[in-house]
Amino acid sequence: MPKANTIKKNVVKQTSLKSGGKKRSSRKKTGRKAASKKNSVRSFFKDERVILISGIFLMLLALYLTTSLGSFLYNYLRIGVGIDNAGGYFGRRIGNLLIYQSFGLGAFAFAVWSFVAGFKLSFKDKLARPFIIIWHSSFWLLWLPVTMSLLFVNEPWIVLGGAYGLVIKDLLIQAVGIVFTAIILAFLFVSYLIFGFNIHKVINRKKEKENSDKEDLKKNGSGNAIKEDIFNTNEFAVDDEEDDDFSSLPDSKPEESPANEDQNKNSEELIQATELDLKAPPANEQKKDKPGTEEDIEFSVEDVKEEDTVKNADKHQKHFGIDSDYDPRLDLADFKFPSIELLIDYGGGTVSINKQELEENKNKIVKTLNNYAIKIDQIKATVGPTITLYEIVPAPGIRISKIKNLEDDIALSLSALGIRIIAPIPGKGTIGIEVPNRKPQIVSMKSIINSTKFQDNNYQLPIGLGKTIANESYVADLTKMPHLLIAGATGQGKSVGLNAILTSLLYKKHPSELKLILVDPKKVELTLFNRIERHYLAKLPDSEEAIITDTRKVVRTLNSLIIEMENRYNLLKDAQVRNVKEYNAKFIKRKLNPEEGHHYLPYIVLVVDEFADLIMTAGKEVEAPITRLAQLARAIGIHLIIATQRPSVNIITGTIKANFPARIAFRVVSKMDSRTILDSGGADQLVGRGDMLLSTGSDITRLQCAFVDTPEVEEITDFIGTQRGYPDTYALPEVPDEESDSVPEFDSADRDPLFEEAAQVIVSNQHGSTSLLQRKLKLGYNRAGRLIDQLEAAGIVGPFEGSKAREVKVGSEMALEQFLKDLYAREGKNNDQQMPF
């Protein structure tokens, strides 16, 4: 029995536990259902679609409120009862409630609130500071009805204050009187302006500005003289900097940025310190009885300098004349300079150093000199992209001529292509031995254009030539050269050097500031620049192609440049200035009158790719004008760049060399050719492929020419050519034909059928030129020239006057009609059949 009872008790407990568990689980389920319902409601109201719809609804409600309130107010003021309403029944009830029975004109604040709330919900980030708008509208809701009730006390205008305004006004009048009620309302309005708009600060700022203007006027009256002195000193400082920056020697060291120093420290291939001593083993292992051996000599290697570059060279272009009265760039104000990304970076701008190669060359040099009893105290190596310069400090008592005579022996021991010895290096007490690197590196044009030396300079015509032995970008000013002679054997880099010079000018100068005259007898080297004809090129008016390839046209172009030079010198004389830079500065300041013939003078650069061919075909006809231009054209902004592959005496004559102090020599075959170009040897020992020597008077600098490939030039010219250019190519002055200076007499029977039409064109435009007839009548140059000669023979235009247009002797078309009638009458012709008028 007791066992049965215990069993029953256990069964009861289990059933009770089961029922309790079921109740708890049912409670949990109902709780979960309620929570899920709450979550679903919250998610519904947080749904972006619901929020957007709510915002649109509130904005529509604001529109409905504005329409209903405005309609009620209009009808009430018009007829005294707000019966008809644009909002219908509800609009009439809303207008009566909010305007008549409540806030009057201030009821529009409810529409403002509705619109602000809806706009905030629909466009969360579009409305700045919505609570400020609500605050302002609340003030008008409470203040405006009372003010309207005080101002308007008769029907129907009393509705503007509403019941609220009427009650508050009466309370205030009973409490403080009507005068102080108005004062209180005015005080509240002023407080609103101060809190809402900071009106007091605006008044204080105006007073401070007036006081500061008075003080500035007092100061300016006493400080003008001081400012003029400051400006004058700054101007002289700029001129000095330009003169000093021209001759950048290879031994000058630019300042390195911290980023470059970190890069040198992290690179394993580059030198990690300013000077790396590569000395012999410890002192106990050295041979003390031989002080001249390579183990005892101090040997150091200069670190390779990586130049600072401009991060965004495309935006680094300087804009000319922004603060000036006249801007020559306005004709092509939307012109964009080529992007730096159009150029290819071939080498990355870094030079790797092979320590083993440096040590081997150093030991061979020391051993060769020891063989001839020449002792050395110190050697320092400077690694460049193509060659390495070993600077030697000889022991006291050693003659420099002994080292100079061992040039071939050192080249034999090093097994090098060609070695150049500089004894001594100008400005240093050392002797330089230039040894070609086993793996020369390419200097990309991109690294030159992107360098700070090219971007941050004040040069008028900056040209980036390449890099020096110290891996520094070499940038010169063509206006300081002022002309450049380039010579070298075939395939050594002359055409690439010309492309590098032209690319530098295109990246730095605006089309209004520079014009190019390109002469290419080979007809294939400069043809890519045809695409920038209406931007940068200049040509004769009768020339069809901008790139000159015919020798006869070269002679006429040079004679035209002579006329241009004389005309420019006349302009400089009238302006009382000495050079084109001063003239343009005066013209920009509008100190010269354009009606007197003054105009902005762009720089003109004449580029001749093969001068030897011109000398062979034209001879003195080419040499004489080039010599005259080289002597006189510097001051008026005309500069010459002449290249030739035959640096012989009959091509580069003494007269030409005397007027071309800046010369570039690529590799030549013989020492005689090197002396012809540079008046010294060395060009015959260059390694080729852009290795060159630049002579700027007494100094000779070895450079590795920047490489710019044909596809890069093509992309640059395409980028410029696709932009809007000038309507016509820059026209050089007309040159009379050499064959006949006098105008022949024409028989009336041989007169051109377009004679009368040509006369009408000339008279209507009052401009007598062959190019005008070519454009207007679509004629060739020969026929247009004959028409001009016939018009001159008839007395309609005057004789040839150089670069100026011919004088038109007939003033109007009516005068021309009478003139032709008289002409035909003298010739005995029927005027009615001939006249087109």
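Above this note sits the structure.
Residues numbered from 1 in each chain as written. Predicted model: local features only at pLDDT ≥ 70, side-chain atom pairs only at ≥ 80, totals over all residues. Heavy atoms only, no water.

Draft legend 1. Spotlight on the sheet that holds strand S8 (residues 473-477). Spatially, the nine strands line up as an open sheet ordered S8-S7-S16-S15-S14-S9-S13-S12-S10, and their pairing is mixed. The open sheet has two edge strands with one neighbour each: S8 and strand S10 (514-519). Strand-to-strand twist across the sheet, computed as the mean angle between neighbouring axes with direction ignored, equals 25 degrees. Contacting S10, strand S12 (603-608) and strand S13 (638-644), helix H16 (residues 551-575) runs over the sheet at an angle of about 155 degrees to S12. (Pairing = 2+ DSSP bridges. Helix = DSSP H or I, 4+ residues; strand = E, 2+ residues; numbered from the N terminus. Axes fitted to C-alpha atoms, helices over the stretch in contact; angles between N-to-C directions. Contact = heavy atoms within 4.5 Å.)

Draft legend 2. Quick peek at the pattern of salt bridges. Inspection of the entire model under this criterion finds 27 salt bridges. Here Asp-170 makes a salt bridge to Lys-169, at a shortest N to O gap of 3.9 Å. Owing to a relative accessible area of 33%, Asp-170 belongs among the partly exposed residues under this scheme. Notably, a salt bridge pairs Lys-453 with Glu-472, separated by 3.6 Å at the nearest N-O pair. In this pair, Lys-453 is assigned in helix H14 (residues 452-455) and Glu-472 in the loop between strand S7 (462-467) and S8, connecting sequence segments 19 residues apart. According to the relative accessible area criterion, Lys-453 is partly exposed, its value standing at 28%. One network of salt bridges, with partners in common, ties together Arg-420, Glu-434, Asp-691 and Arg-702. (Salt bridge = Lys/Arg side-chain N within 4 Å of Asp/Glu carboxyl O. Buried < 20%, exposed > 50% of the residue type's maximum accessible area, 1.4 Å probe, protein only.)

Draft legend 3. Up close: the packing of aromatic side chains. Overall, the coordinates contain 17 aromatic pairs when judged by the stated rule. With a centroid separation of 5.8 Å and an interplanar angle of 55 degrees, the aromatic rings of Phe-103 and Phe-110 are classed as tilted. Members of the aromatic cluster, joined through ring pairs, are Phe-139, Trp-140, Trp-143, Phe-189 and Tyr-192. One Lys or Arg, Lys-508, reaches over the ring of Phe-454 and ends 5.5 Å from the middle of that ring. The ring centre of Phe-755 lies 4.7 Å from the NZ or CZ of Arg-751, which sits over that ring. (Phe/Tyr/Trp six-rings, centres within 6.5 Å; stacked < 30°, edge-to-face > 60°. Lys NZ or Arg CZ within 6 Å of the ring centre and 35° of its normal.)

Draft legend 4. Spatial organisation of the packing of helix H15 (residues 494-508) against helix H22 (residues 710-721). Where H15 meets H22, the closest approach of the two axes is 11 Å, and the angle between their N-to-C directions is 30 degrees. It follows that H15 is roughly parallel to H22 by the angle criterion. When you trace H15 past H22, the crossing you get is left-handed. Side by side, H15 and H22 meet where Asn-499, Thr-503, Leu-506 and Tyr-507 of the first sit next to Val-713, Ile-716 and Ile-720 of the second. Each residue belonging to the contact of H15 with H22 can be placed in one class, and the counts come to five nonpolar, two polar and no charged. (Parallel < 35°, antiparallel > 145°, perpendicular 65-115°, else oblique. Left-handed = near helix turned anticlockwise from the far one by under 90°. Nonpolar A, V, L, I, M, F, W, Y, C, P; charged D, E, K, R; others polar.)

Draft legend 5. Local environment of the packing of H16 against helix H18 (residues 611-618). At a minimum axis distance of 10 Å, the contact between H16 and H18 shows a crossing angle of 95 degrees. By the angle between their axes, H16 is roughly perpendicular relative to H18. Listed contacts from H18 to Thr-551, Val-554 and Val-555 of H16 are Leu-614, Thr-617 and Ala-618. Grouping the amino acids of the contact of H16 with H18 by side-chain chemistry returns four nonpolar, two polar and no charged.

Draft legend 6. Representation of the environment of Gly-597 in the model. With respect to the secondary-structure elements, Gly-597 resides in the loop between helix H17 (580-588) and S12. Placed 26 residues apart in sequence, Gly-597 and Leu-571 show a C-alpha to C-alpha distance of 7.9 Å.

Draft legend 7. Summary view of the pairing of S8. Burial analysis of S8 places five of its five residues in the buried class, which makes it a mostly covered element. Residue alternation in S8 divides its side chains into two sets, Ser-473, Val-475 and Asp-477 and Tyr-474 and Ala-476, and both sets are buried. If you look at the hairpin formed by S7 and S8, you'll find five residues sitting between the two strands, and Asn-471 has a positive phi there, around 65 degrees.

Draft legend 8. Representation of the environment of Gln-455 within the structure. The topology assignment puts Gln-455 in helix H14. For Gln-455 and Val-475, which are 20 residues apart along the polypeptide, the C-alpha to C-alpha distance reads 9.9 Å.

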